[in-house]
Amino acid sequence: MTEKTTESQPKADSLFTPAVKELVALGAALACNCEPCLRHHYREAEKLGIGDGDIRAALDMAAMVKQ
């Protein structure tokens, strides 16, 4: 049987942490042009202590993929 995880609690060995989740969500929000989503996930990223440099890197990557 596989171990279940909740949305906020990934498996201990998982790289998909809450911070990574917010960076992915920022990229998705940018890709689908959802400004309210972008604002929301930016705030959530800040709450998690994600620095502006990492947020910028995620948004830059999303913009390159979108092109």
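Preceding block: the structure.
The helix and strand tally for the protein stands at three helices and zero strands. The N-to-C order of helical and strand elements in the protein reads α-α-α. Put simply, the protein has 67 residues, and 18% of those count as buried. Counted over contacts in the protein with a minimum sequence separation of 6, partners at least 24 positions apart contribute 43%. For the protein, the computed accessible surface area is about 5100 Å², with 58% contributed by carbon and sulfur atoms.

Taking 1.5 Å of rise per residue, the 14 residues of helix 1 (residues 18-31) would be expected to cover 20 Å, and the 20 Å separating its terminal C-alpha atoms lies within 8% of that figure. Taken together, the buried positions of helix 1 are occupied by Glu 22, Ala 25, Leu 26, Gly 27 and Ala 29. Among the structural elements, helix 2 (35-47) and helix 3 (52-66) are those in contact with the buried residues of helix 1. Looking one or two residues past helix 1, Asn 33 carries a phi angle of roughly 55°, positive in sign.

Counting five residues, the largest nonpolar core consists of Leu 26, Ala 45, Ile 50, Ile 55 and Leu 59. Setting aside chain neighbours within four positions, we find Ile 50 in contact with Ala 19, Glu 22, Leu 23, Ala 45 and Ile 55.

To continue, consider the pattern of salt bridges. Within this structure, the stated rule accounts for three salt bridges. The partner of Glu 44 in a salt bridge is Lys 47, with the nearest N and O atoms 3.1 Å apart. Of the two residues, Glu 44 and Lys 47 both sit in helix 2, three residues apart, roughly one turn of that helix. Take Lys 47: its relative accessible area is 66%, and that puts it in the exposed class. Here Asp 60 and Arg 56 are joined by a salt bridge, their closest N and O atoms 3.2 Å apart. Residue Asp 60 and its partner Arg 56 are both found in helix 3; the two are separated by four residues, about one turn of the helix. For Asp 60, a relative accessible area of 37% puts it in the partly exposed group. On the accessibility criterion, Arg 56 (48% relative accessible area) is partly exposed.

Before going further, it helps to examine the environment of Leu 26. Its place among the elements puts Leu 26 in helix 1. Leu 26 gets classed as buried once you look at its relative accessible area, which sits at 0%. Sequence-wise, Leu 26 and Cys 37 are 11 residues apart; in three dimensions their C-alpha atoms are separated by 7.7 Å. Beyond its immediate stretch of four places on either side in the chain, Leu 26 contacts Leu 38, His 41, Tyr 42, Ala 45, Ile 55 and Leu 59.

About the criteria used
Counting of residues starts from 1 at the beginning of each chain's written sequence and follows it residue by residue. Local features are withheld for residues below a pLDDT of 70 in this predicted model, meaning they are given only at 70 or higher, and side-chain atom pairs are given and counted only at 80 or more; totals for whole chains, interfaces and linings count all residues. In computing side-chain properties, one takes all heavy atoms of the structure into account and sets aside hydrogens as well as water. In this description a helix means any DSSP run of H or I spanning at least four residues, a strand means any run of E spanning at least two, and both kinds are numbered starting from the N terminus. Each residue is placed in one exposure class: buried if its accessible area under a 1.4 Å probe, protein chains only, is under 20% of its type's maximum, exposed if it is over 50%, and partly exposed if it falls in between. The criterion used for residue contact is that any of the two residues' heavy atoms lie within 4.5 Å. Here the accessible surface of atoms and residues is derived via Shrake-Rupley with a 1.4 Å probe, and residues count as covered only by protein chains that are part of the display. The span you would expect from a helix comes to 1.5 Å times its residue count less one. Nonpolar core, defined: a set of buried Ala, Val, Leu, Ile, Met, Phe, Trp, Tyr and Cys residues in which side-chain atoms within 4.5 Å join the residues together. Between Lys or Arg on one side and Asp or Glu on the other, a salt bridge is scored when a side-chain nitrogen of the former is within 4 Å of a carboxyl oxygen of the latter.

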